[in-house]
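In case you want the letters, here they are:
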Amino acid sequence: MKILVCISNVPDTTSKINFTDGDTKFDTNGVQFVINPNDEFGLTRAMWFKEKQGATVHVANVGGPTTEPTIRKALAIGADEAIRVNAEPTDGFFVAQQLAEVVKNGGYDLVIAGRESIDYNGGMVPGILATLLDMNFVNTCISLEVDGNNATAMREIDGGKEKISTSLPLVIGGQKGLVEESDLRIPNMRGIMMARKKALNVIEPVDAAKATQDAKFEKPAAKGAVKLVDNVDDLINLLHNEAKAI
């Protein structure tokens, strides 16, 4: 089985977020970048398939040279090879088209992408990718087993879970549940050294349309002052007349 894990290069959740150029661009100064958490759950599951079933695992990223430390971390975790599409991931449709080309050229049986990235939270790429490739698709996937060309997946739905039987080739939008946080792997020194010798292939993007463009970013409004109340009547009055919550 040949697996492609799509990884995004996203700001660490502890980073301070700012914008430049009239709040139209994200300010990367001083920001530490990491593998998108939903993608890391998928990568860890792919490593399980590699170790238990002999799968080959490649990772792919759409981004500039600054994303390569994140890609190298994925290689240090255990991926066999990496591909970087040399383009800025400014639009979900554009990214999906680039990844679709990688999948077509690589002949992958299983494509694991995160349900969404934690930077823009678009949640578009896995579904668009499956449509472009005419592959089976399972989103919000929290469990995946593969037996030959048959796959059994569990996905999260409103109020519960749904078990699905499907077949390869398959695209999933994964999230926590594919593995648990305790299963995530920290690269050891041996993995880091081996990652330096693994192939990181840089390819140029295919011509593709960008369907959306960011117009402006805006931070959430600052929190107001806290009011302390001594009794229930005052609390009800504030909720009703000031907060308009009841």
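Only a predicted model underlies this, so the values are computations on that prediction, with no experimental measurement involved.

Criteria and cut-off values
Residues numbered from 1 in each chain as written. Predicted model: local features only at pLDDT ≥ 70, side-chain atom pairs only at ≥ 80, totals over all residues. Heavy atoms only, no water. Core = buried A, V, L, I, M, F, W, Y, C linked by side-chain atoms within 4.5 Å. Buried < 20%, exposed > 50% of the residue type's maximum accessible area, 1.4 Å probe, protein only. Helix = DSSP H or I, 4+ residues; strand = E, 2+ residues; numbered from the N terminus. Contact = heavy atoms within 4.5 Å. Polar contact = N/O pair within 3.5 Å; in protein donor to acceptor, adjacent residues only side chain to side chain. Pairing = 2+ DSSP bridges. Axes fitted to C-alpha atoms, helices over the stretch in contact; angles between N-to-C directions. Phe/Tyr/Trp six-rings, centres within 6.5 Å; stacked < 30°, edge-to-face > 60°. Lys NZ or Arg CZ within 6 Å of the ring centre and 35° of its normal. Expected span 1.5 Å × (residues − 1). Patch = residues over 30% accessible without salt bridge, like charges linked within 9 Å, V, L, I, M, F, W, Y side chains within 5 Å. Areas by Shrake-Rupley, 256 points an atom, 1.4 Å probe, with all protein chains shown as cover. Salt bridge = Lys/Arg side-chain N within 4 Å of Asp/Glu carboxyl O. Parallel < 35°, antiparallel > 145°, perpendicular 65-115°, else oblique. Left-handed = near helix turned anticlockwise from the far one by under 90°.

Now for the nonpolar core. Among the nonpolar cores identified, the biggest contains 32 residues, and Ile3, Val5, Leu43, Val59, Leu144, Leu170 and Ile172 are the most heavily contacted of them. Of all elements in the fold, only strand E1 (2-6), helix H1 (37-53), strand E6 (56-62), helix H2 (68-77), strand E8 (110-114), strand E9 (136-147), strand E10 (150-157) and strand E12 (170-174) reach the threshold of two or more residues within this core. Sorting elements by how many residues they give to this core places H2 first, with five residues. Contact partners of Val59, with chain neighbours within four places excluded, come to Leu4, Val5, Ile7, Leu43, Ile71, Ala74, Ala79, Glu81, Ala82 and Ile83.

Quick look at helix H6 (residues 232-242) now. Sitting at the amino-terminal end of H6 is Asn231, which places a side-chain oxygen 3.2 Å from the backbone nitrogen of Asp233. Phi turns positive one or two residues past the end of H6, at Lys244, with a value near 55 degrees.

This part covers the sheet that holds E12. With respect to topology, nine strands assemble into an open sheet ordered E11-E10-E9-E12-E8-E1-E6-E7-E13, the strand pairing being mixed. A single partner strand is all that each edge strand has here, and the edge strands are strand E11 (160-167) and strand E13 (200-203). Adjacent strand axes in the sheet meet at a mean angle of 30 degrees, parallel and antiparallel pairs treated alike. Where strand E7 (residues 81-85) meets E13, four bridges bridge the pair, whose relative direction is parallel. Bridging from a neighbouring strand, Ile83 pairs with Asn201 of E13.

This paragraph deals with the environment of Arg185. Following the sequence through the fold, Arg185 ends up in the loop between E12 and helix H5 (189-195). For Arg185, a relative accessible area of 28% corresponds to the partly exposed category. The sequence separation of Arg185 and Asn231 amounts to 46 residues, and the corresponding C-alpha distance is 50 Å. Every residue in contact with Arg185, bar those within four places of it in the chain, is listed here: Glu40, Thr44, Met47, Glu51 and Ile77.

All right, on to unusual backbone geometry then. Residue Pro169 follows Leu168 across a cis peptide bond; omega there is 0 degrees. Among the secondary structure elements, Pro169 is positioned in the loop between E11 and E12. In this structure, Thr140 takes a positive phi of about 45 degrees despite not being glycine. Within the secondary structure, Thr140 sits in strand E9. One non-glycine residue, Lys244, adopts positive backbone phi at about 55 degrees. When you line up the elements, Lys244 lands in the segment after H6. A relative accessible area of 63% places Lys244 in the exposed class.

Evaluated as defined, the whole model comprises five aromatic pairs. When the centroid spacing of 6.4 Å and the interplanar angle of 65 degrees are considered together, the rings of Phe19 and Phe26 count as edge-to-face. On the basis of relative accessible area, Phe26 is assigned to the partly exposed category, the value being 22%. Measuring from centroid to centroid gives 6.1 Å for Tyr120 and Phe217, while their planes differ by 35 degrees, and the two rings are tilted. Taken together, the positions of Tyr120 in the loop between E8 and helix H4 (125-133) and Phe217 in the loop between E13 and H6 put the pair 97 residues apart, joining distant regions of the chain. By relative accessible area, which is 46% here, Tyr120 ends up partly exposed. Taken together through their ring pairs, the aromatic side chains of Phe19, Phe26, Phe33, Tyr120 and Phe217 make up a single cluster. Of note, Lys2 hangs over the ring of Tyr108, and the distance from its end group to the ring centre comes to 5.0 Å. Over the aromatic face of Phe94 sits the side chain of Lys210, whose NZ or CZ is 4.9 Å from the ring centroid.

Our next topic: H1. Between the first and last C-alpha of H1 there are 24 Å, a value that for 17 residues agrees with the 24 Å anticipated at 1.5 Å per step. For H1, the full list of buried residues reads Asn38, Asp39, Glu40, Phe41, Gly42, Leu43, Thr44, Arg45, Ala46, Met47 and Phe49.

Together, Val229, Val232, Leu235, Ile236, Leu239 and Ile246 make up an exposed nonpolar region whose accessible area comes to about 500 Å². You can see Val229 is positioned in the loop between E13 and H6.

What follows covers the packing of helix H3 (residues 92-106) against H4. Closest axis-to-axis distance for the H3/H4 pair is 9 Å, and the angle between their directions is 45 degrees. Put simply, H3 runs oblique to H4. Viewed along their axes, H3 and H4 form a crossing whose handedness is right-handed. Each of Gly92, Phe93, Val95, Ala96, Gln97, Leu99, Ala100, Val103 and Lys104 in H3 lies in contact with H4, whose residues at this interface are Val125, Ile128, Leu129, Leu132 and Leu133.

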